[in-house]
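# Examination of the molecular architecture
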Amino acid sequence: MIRFGNVIAFSMHTFLQRIACVWALLLLAGSARAQQAVPGLDNVISDKQQRVGENHYTFKGGVELKRGDTQIYADEVEVFSDQDRALATGNVVFAQGANRIAAERADFNTKTRLGAFYHATGIATVQPQRQAPRPGVVAPPPIAGQETDVYFYGDIVEKIGPKKYKITNGGFTTCVQPTPRWMLTSKTLVLNLDHYTLLRDAVFSVKGVPMFYTPILYYPTKREDRATGILLPTYGSSTIRGQSIHNAFFWAIDRSQDATLLHDWFSRTGQGAGSEYRYNFGGGSDGNIRAYLLDEHESVFAQSDGTTSTLPASRSYEVRGTGNQLLPGGLRARGRVDYFSSITTMQTFNTNIYDASRNQRSVGGNVVGGWGTYALNGTFDRSEYFYGTTSSAVSGSWPRVAFTRNERPLLGTPLYVSAGGEYASLLRNSKDTTFNVDLDSSLTRLDFSPKIRFPFKKWQWFTVNSSLDWRDTYYTRSLDANTHAVIDDSVNRRFFTMQTQILGPVFNRIWDTPANGYAEKFKHSVEPFLNVQRTSSIDNFPRIVQLEGTDAVVGGATQYAYGINNRFYAKRREGRLSQAREIVDVELAQTYYSDQRSAQYDQQYSTSFSGAPPSHFSPISLSVRVVPTNELNATMRAEFDSRYHSLRTISAAGSYAWTGRLQTTVGWSKRAFIEELQGFNDRNFLDQYVNTSSTVHTKDNRFGGVYSFNYDLLRSAMLQQRISGFYNAQCCGLAFEYQTFSFGGISAFAAVPSDHRFFLSFTLAGLGNFSPFNGAMSTVPR
């Protein structure tokens, strides 16, 4: 019969009682106690001793046996030296290192120091090998990575190895309370310290109340923070997929790699399975990959208006991963994959709003290397953007190889010369199966561009950088002059670009403020700038297929980019040193174009490609960055239309951190309405969002929580709201997360207008937990 919480409370009380009795008897006996030399033992002390036979000894009254690091205390002990056997009865206490076992009687081998203890309780200590936390990772809770005491009991406790015990009709816990917060009991239990615990017919109890039964359970009790074993399941509930149970198995392959296998069960839609593999071989060679398969059957949902909607049956998959690998010859390879098979599943399954609202899948990689002044970059990438379930656009390069020679002085002159060449097979394809549209604009581009630069830096307050570029680009395809369709006629483009960048005159002012408590000195720097760029004429510009920014160069045009930069510095004492840091940076800039078409292709401004008509003037851009301390920073960028004197776009963000226990971020963005301006006069394409996220936890990480939301100010709609929290006790903890998710402003493919999601997980000392593949519980800093 398996015993529960009250039994272990009694057993632990008895365990402490026995130890106290033993030490009291030893103190009372004092120096009157006699010693006896016994073969195979270092020392034996007792009140009474008798040699019964040639190899048979009996000891009574406060018996102490010692062999190496092992001591045994009991009321009576019989020793059979020829068998290396000892029988102990009455208040038996076995001590080895930091481990203790108290029992009514024991039968053990004095040579191997193994044996059986009857009606026993014990304590064993697992001392983990601590690993340095990764920079930027929230501190783990107290129960993780610390010394763990394992309390156990059983009708029979057999010590079958140096740190291995077999327990019959018993259990164990890591809680020190009289009635443990949790306990695992079993008919047969193998407790292997610094490795694992295996239970058969196991029952998990909370505060003495049985919660669930499992025929077999593998519980890691390994020294390292990473240990192979079954992770605690996570419970979930959502409007779309119903109740859910998320299970995982973690495999610590070795110190450099591990894997996790996951299985999810959804009561309403089906089930999913996935895996994650991670490795870090050092020296910059590391990576991870995650794969997940979701198999869902058809589900019908009742709507508030009395109608029904259907989530069709589907089988979809998702693969994500990154990798870095050092190669011979000074080369380094990088790879990434972020691929999914169903846009509908992608936008309804993920709890992260950025994953749920993402309509792009991509795969890519590159190899880079450098040899002196030469550098090589080989890249392949493919991205597909979805505009619905039937329409998408593919872009990328398959492959792209660039070879460059970095700047070097030219024959001892003040001139610097560099050159670069590129081969690119560019991908562009638009499909719409509803209207049977398949437009392929893919082509191959060869590009060569040498450059000469002359820097003038005689004065710190006034610098001029002048350069001359020549670019020769060959395209295998071009645009038809009449139909503007992409045809298989090659075209060659050549042009010069002359550019001068002028900074200054720079005005500085420095003043001392010794008594303000913030900084010792302040510095204000005013930096006007002017960049002039002239591009020679490009007669075949209308024939160029414009796939990237380098293709959209307007020839026969001059650009004047002008503005002013205000920088504020503070010299602050940080520790023992005083260091100057930039605390405020404000930049105001605009560009004038001699050819109005250039305004539609200028990548310096985010609204250049928004459909606005040609103009001689770019929008006015304002950029502000404020970093007064390491804990506080804020940024803002806005673009104003110079013709209609109205705001085009604005975005702002800020963050604050306090002693590592509080982190808050806030963001706001707006795309304004301008009735007279094309691209900004359709309210259906305007937006205004605000988002925030706050994380707070106690110094010891015992309590904590995260709150975040994304709100659509333009439509007065909450897109998502997420709250999570955790509590960590001495031996266990729990975490929860609740999220409301509105599909109205994110996805048009959901079967319901909104989803309400709840997740709950528990933590036991020494036993890890995980975040399900859909991102649930990922914000909880456990």
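Please refer to the structure placed before this passage.
It should be emphasised that the depicted structure is a prediction, and the values quoted were computed from it without experimental measurement. (Residues numbered from 1 in each chain as written. Predicted model: local features only at pLDDT ≥ 70, side-chain atom pairs only at ≥ 80, totals over all residues. Heavy atoms only, no water.)

## Details of the pattern of salt bridges
How we decide: Throughout this description, the term salt bridge denotes a Lys or Arg side-chain nitrogen within 4 Å of a carboxyl oxygen of Asp or Glu. Only protein chains enter the accessibility calculation, which uses a 1.4 Å probe; a residue whose area is less than 20% of its type maximum is buried, one above 50% is exposed, and one in between is partly exposed.
Going through the model one piece at a time under the given rule, you end up with 29 salt bridges. For Glu-318, the salt bridge is made with Arg-320, and the minimal N-O distance between the two is 2.5 Å. Residue classification places Glu-318 among the buried residues on the basis of a relative accessible area of 6%. Looking at Arg-320, the relative accessible area reads 18%, which means it is buried.

## Some remarks on the packing of aromatic side chains
Note the cut-off: Aromatic pairing here means that ring centres of Phe, Tyr or Trp (its six-membered ring) are within 6.5 Å. Orientation follows from the plane angle: under 30 degrees is stacked, over 60 is edge-to-face, and everything else is tilted. Counting from the N terminus, the helices are DSSP H or I runs at least four residues long and the strands are E runs at least two residues long. Working rule: Lys NZ or Arg CZ, within 6 Å of ring centre, within 35 degrees of ring normal, means a charge sits over the ring.
Applying the stated rule across the entire model yields 26 aromatic pairs. Both rings, one in Phe-541 and one in Tyr-601, keep their centres 6.2 Å apart while their planes meet at 80 degrees; by these two values the pair is edge-to-face. With Phe-541 in the loop between strand E34 (521–535) and strand E35 (557–574) and Tyr-601 in the loop between strand E36 (577–593) and strand E37 (620–626), this residue pair connects regions lying 60 residues apart in the sequence. Residue Tyr-601 is classed as partly exposed on the basis of its relative accessible area, which comes to 22%. Measuring from centroid to centroid gives 6.2 Å for Tyr-560 and Tyr-592, while their planes differ by 40 degrees, and the two rings are tilted. Linking Tyr-560 in strand E35 with Tyr-592 in strand E36, this pair joins segments that are 32 residues apart in sequence. Residue classification places Tyr-560 among the partly exposed residues on the basis of a relative accessible area of 36%. Residue classification places Tyr-592 among the partly exposed residues on the basis of a relative accessible area of 28%. Positioned above the aromatic ring of Tyr-416, the side-chain terminus of Arg-453 is 5.2 Å from the ring centre. We note Lys-523 situated over the ring of Tyr-569; from NZ or CZ to the ring centre the distance is 5.6 Å.

## With respect to the pairing of strand E18 (residues 285–296)
Within a regular beta strand, the side chains point alternately toward one face of the sheet and then the other, so they alternate between its two faces. Threshold: Pairing between strands is defined by DSSP: at least two bridges between the two strands are required.
Pairing of strand E17 (residues 270–282) with E18 involves 12 bridges; the strand directions are antiparallel. Bridged to Tyr-277 within E18 is Ile-289. Once E17 ends, the chain turns through two residues before running back antiparallel as E18, passing Gly-283 with a positive phi of about 65 degrees.

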